Amino acid sequence: MFEKSRFIKSVFHLNDLPKKHLPSVILCGRSNVGKSSFINSFFNRKDLAKVSSTPGKTRSINYYEIDEVFYVVDMPGYGYAKTGKSERAGFSKLTVEFLSSSKSISLVIHFIDSRHKPTHLDVRLNKLLKELNIPYIFLLSKVDKLNQAELNIAPKNLMNSFPEADVKSNIVNYSINKQAGKQIISRLFKEMFY
Ligand SMILES: Nc1nc2c(ncn2[C@@H]2O[C@H](COP(=O)(O)OP(=O)(O)O)[C@@H](O)[C@H]2O)c(=O)[nH]1
Ligand SMILES: [Mg+2]
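Residues numbered from 1 in each chain as written. Chains lettered and ligands numbered in written order. Predicted model: local features only at pLDDT ≥ 70, side-chain atom pairs only at ≥ 80, totals over all residues. Heavy atoms only, no water.

A. Structural context of helix H3 (residues 93-101). Along H3, the positions that sit buried rather than exposed are Leu94, Thr95, Phe98 and Leu99. Here the buried residues of H3 occupy an arc of 120 degrees about the axis, which is enough to place them on one side. Looking at the buried positions of H3, the neighbouring elements they touch are strand E1 (5-11), strand E2 (24-29), strand E3 (61-66), strand E4 (70-74), strand E5 (105-113) and helix H4 (120-131). (Buried < 20%, exposed > 50% of the residue type's maximum accessible area, 1.4 Å probe, protein only. Helix = DSSP H or I, 4+ residues; strand = E, 2+ residues; numbered from the N terminus. Arc of directions from axis to C-beta. Contact = heavy atoms within 4.5 Å.)

B. Quick peek at the site of ligand 1. Around ligand 1, 15 residues are found, and the nearest of them are Asn32, Lys35, Ser37, Asp144 and Ile176. Separating an oxygen atom of ligand 1 from a side-chain N or O atom of lysine 35 is a distance of 2.8 Å. One of the side-chain nitrogen or oxygen atoms of serine 36 is found 2.9 Å away from an oxygen atom of ligand 1. Protein chains bury 79% of the 580 Å² of accessible surface belonging to ligand 1 in isolation. Per-class residue counts for the shell around ligand 1 are three nonpolar, seven polar and five charged. (Near = heavy atom within 4 Å. Polar contact = N/O pair within 3.5 Å; in protein donor to acceptor, adjacent residues only side chain to side chain. Areas by Shrake-Rupley, 256 points an atom, 1.4 Å probe, with all protein chains shown as cover. Nonpolar A, V, L, I, M, F, W, Y, C, P; charged D, E, K, R; others polar.)

C. Representation of helix H6 (residues 180-193). Here H6 contains 14 residues, and its C-alpha end-to-end distance of 20 Å stays within 8% of the 20 Å for a straight helix at 1.5 Å per residue. Buried within H6 are the following residues: Gly181, Lys182, Ile185, Phe189 and Phe193. One side of H6 carries all its buried residues, which in axial view fall inside an arc of 95 degrees. What points out from H6, more than 90 degrees from its buried face, is the exposed set Ala180 and Glu191. The secondary structure elements touched by the buried residues of H6 are E2, helix H1 (35-42), E4, E5, strand E6 (136-141) and strand E7 (171-173). (Expected span 1.5 Å × (residues − 1).)

D. Looking closely at the pattern of salt bridges. Per the counting criterion, the structure on display carries eight salt bridges. Aspartate 16 serves as the salt-bridge partner of lysine 9, at 3.1 Å between the closest nitrogen and oxygen. According to the relative accessible area criterion, lysine 9 is partly exposed, its value standing at 22%. You can call aspartate 16 partly exposed: its relative accessible area is 30%. Across the pair lysine 20 and glutamate 65 runs a salt bridge whose closest N-O atoms are separated by 3.4 Å. Of this pair, lysine 20 sits in the loop between E1 and E2 while glutamate 65 sits in strand E3, and the two are 45 residues apart along the sequence. The network of salt bridges with shared partners includes Arg6, Lys20 and Glu65. (Salt bridge = Lys/Arg side-chain N within 4 Å of Asp/Glu carboxyl O.)

E. Up close: the environment of glutamate 97. Secondary-structure assignment places glutamate 97 in helix H3. Once the C-alpha coordinates of glutamate 97 and leucine 14 are considered, the two residues, 83 residues apart in sequence, prove to be 7.7 Å apart.

F. Summary view of the nonpolar core. Ranked by size, the top nonpolar core spans 32 residues in total, and within it Ile26, Phe98, Leu99 and Val108 carry the most contacts. Secondary-structure elements contributing two or more residues to this core are E2, E3, E4, H3, E5, H4, E6 and helix H5 (148-161). By residue number, the principal contributor to this core is H4, which donates four residues. Discounting chain neighbours no more than four positions away, the residues touching isoleucine 26 are Val73, Met75, Phe98, Leu99, Ile105, Leu107, Val108 and Ile109. Residues Leu27, Val33, Ile39 and Tyr174 belong to the second largest nonpolar core, which totals 24 residues. (Core = buried A, V, L, I, M, F, W, Y, C linked by side-chain atoms within 4.5 Å.)

G. Layout of the environment of glutamate 68. Locating glutamate 68 in the fold gives a position in the loop between E3 and E4. Once the C-alpha coordinates of glutamate 68 and phenylalanine 162 are considered, the two residues, 94 residues apart in sequence, prove to be 34 Å apart. With residues up to four places along the chain from it excluded, the contact list for glutamate 68 reads Lys4, Lys20 and Leu22. At 2.4 Å, the side chain of glutamate 68 and the side chain of lysine 4 are in polar contact.

Below you can see the structure in the form of structure tokens.
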């Protein structure tokens, strides 16, 4: 399981999506929240996904195929302060169109930096996912940077913005340096696809 992972393509237009249809896990969240790092750490690959030193650069939808069983899809990040005004203001048109039109989304993983409160764009994404009836979980990223007190606060910040957030069912703590989150996500993918 998760032995074969390969980059398929970067998509800039909806009519350029991969021809092969596989169920997909979609990674959404702010720029710099750790989406690309998640791909590399979870699939034990150093450079499968580009971890950008200049945040806010990923404008494309990046497809990775896992075991010829499912896709992991890295979405453009949002909300980075130094991108142009129009992008900072919201999600790209591509993101909204993709989420609205895709029929093969098994799960969205909504990444939120565990050190920060959700932003208004996180709230908008969550609303969109609900409107579209797309299943999602929350991933609190970079938890290695937190002390115990902060570890207690992080899920509370989430629950303040999203009443349905629940540590027992839909919040996963993740760190590229720790195993705990990887095991939970592994189990989830296994149940969904294998
Ligand atoms: N300490 C720590 N740093 C992380 C973790 N995940 C990502 N980062 C760092 O956060 C920065 C942004 O990560 P990246 O994966 O490019 O974010 P993306 O824009 O969401 O794809 C990089 O400098 C990563 O090394 C984590 O779990 N722990
Ligand atoms: Mg990235």
